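Structure assessment
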Amino acid sequence: MTIQNVPTTLFTGFFGVGKTTAIRSLLARKPANENWAILVNEFGEIAVDQAVLEDGSTNGQENRLTIREIPGGCMCCVANVPMRMAITEILRRAKPDRLLIEPTGLGHPAGILDELRKDDLKDVVDVGAMICLVDPRYVGDARITGVDVFRDQVHLADVLIANKSDLASEDDLAGFRDWAAALFPPKLVIVEAKMGEIDGTLLDLKANDERLPLFPHLHDHAETQPAPNIGTSQPGRPVRAVNAGNGYQGCGWVFAPEDIFEQDALVDFLGPPGPNDLKNVERLKGVFRLGTEWILIDRTQGEISVTPIAYRRDSRLEIILPEGEAVDWNGIETKLISLLSPRT
Ligand SMILES: Nc1nc2c(ncn2[C@@H]2O[C@H](COP(=O)(O)OP(=O)(O)OP(=O)(O)O)[C@@H](O)[C@H]2O)c(=O)[nH]1
Ligand SMILES: [Mg+2]
């Protein structure tokens, strides 16, 4: 059976704005008879979003959902897992009715769109309206709006969502509305949302193929590095991988499934504010075993949340900081190991 014109939606937006949350919200409302496939691409080498998305699929429909992670940088530049191969493979395996793609917060939407619209993929996927989530509290913050990748995410989007509207003030939302209304070319849809609860019909909107990137060169300068072989963790001896690029640096750890953490000590350490090294965290997320229970710890610049999670494979953590921030990954690892419950 040839696979053709699979409706495909790209979810863009900066680190921690709520892309995975929006996909989870849509999954919770997925028609029971539809197969969906999700491709998630993370900046760091240690993937956490897959665990979060699997958690959202506990409505008895696991067999109608296929998730694939591409860790370690921009998905169309990762040398050892070319994006087209990943897409072809997931489509062949899942034969989905719909494909949702979440690039990293620093993903170059133009590069990804180019890949989706050329050669063999152009008939296989039917790319719909691009959905970009923004945090209305930061549309006036030049540290974010001045970043070329962010500007292209917004510029190329057909649908603009002000997510986290519950955390924004009326002034923030008014600022967002003014900013969004002034964008050119105009957006098809501009909406406000909380916890990524967006209307499912947005997935069926057509893209405006005439939107051209402001910074087409961005993609050309992306680094392409093969993912490292990080080996296998042993109890009390995690493995780790560092990653850098596009103005950020990250480190991720995988702990052995036997390793057990204690929630309060972990949350105290991971902040905010956390130790000096972690004061300027851009993004931190991890899943941890606490005996029989497991939790997701999710920290953005300003907030941290701790929630139970159904994932049960291994404890893993990914931390991202702006490049140039002094950070002692060895020291953080030693501290994390010291937080493990003694083995009996
Ligand atoms: N209060 C509030 N929290 C939200 C909202 N949307 C998402 N969050 C929380 O923000 C954190 C980050 O959400 P994610 O969905 O993981 O963000 P993301 O864009 O996928 O993050 P990356 O993939 O790391 O770039 C999580 O703790 C979410 O629960 C919202 O509308 N309101
Ligand atoms: Mg995500």
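Up top is the structure these notes are about.
Presented here is an overview of the structure given in this document.

1. Things to note about the overall build of the protein
- When helices and strands are tallied, the protein shows ten helices and 14 strands.
- For 344 residues, the compact-globule estimate of 2.2 N^0.38 gives 20 Å, and the protein sits close to it at 20 Å.
- By principal-axis analysis of the C-alpha atoms, the protein measures approximately 60 × 50 × 35 Å.
- Looking at the protein as a whole, 46% of its 344 residues are labelled buried.
- The long-range fraction of contacts in the protein, counting pairs at least 24 apart against all pairs at least 6 apart in sequence, stands at 78%.

2. Some thoughts on the nonpolar core
- Residues Ile38 and Leu39 are the most contacted members of the largest nonpolar core, which totals 85 residues.
- Both of domain 1 (6-221) and domain 2 (239-338) provide at least three residues apiece to this core.
- Sequence-distant contacts of Ile38, defined by excluding residues within four places in its chain, comprise Ile23, Leu53, Ile67 and Leu100.

3. Thoughts on the pairing of strand E8 (residues 189-192)
- The pairing of strand E7 (residues 159-162) with E8 spans four bridges and is parallel. In the strand pairing of E8, Ile161 is matched with Val191.
- As for the winding sense of the linkage, the β-α-β connection from E7 through helix H8 (residues 170-181) to E8 is right-handed.

4. Some details on the sheet that holds strand E13 (residues 304-308)
- One open sheet accounts for six strands, arranged E9-E10-E14-E11-E12-E13; its pairing is antiparallel. Only two strands of the sheet have a single neighbouring strand rather than two, namely strand E9 (239-245) and E13. The average undirected angle you get between the axes of adjacent strands in this sheet is 15°.
- Of the strands in this sheet, strand E11 (283-290), strand E12 (293-299) and E13 touch helix H9 (residues 263-270), which is tilted by about 15° from E12.

What counts as what
- Residues numbered from 1 in each chain as written.
- Chains lettered and ligands numbered in written order.
- Predicted model: local features only at pLDDT ≥ 70, side-chain atom pairs only at ≥ 80, totals over all residues.
- Helix = DSSP H or I, 4+ residues; strand = E, 2+ residues; numbered from the N terminus.
- Rg over C-alpha atoms; globule rule 2.2 N^0.38 Å.
- Buried ≥ 20, exposed ≤ 12 C-beta atoms within 10 Å, placed from the backbone.
- Contact = placed C-beta atoms within 7 Å.
- Core = buried A, V, L, I, M, F, W, Y, C linked by C-beta atoms within 7 Å.
- Domains from an automatic or database assignment.
- Pairing = 2+ DSSP bridges.
- Right-handed = clockwise from strand over helix to strand, strands pointing away.
- Axes fitted to C-alpha atoms, helices over the stretch in contact; angles between N-to-C directions.

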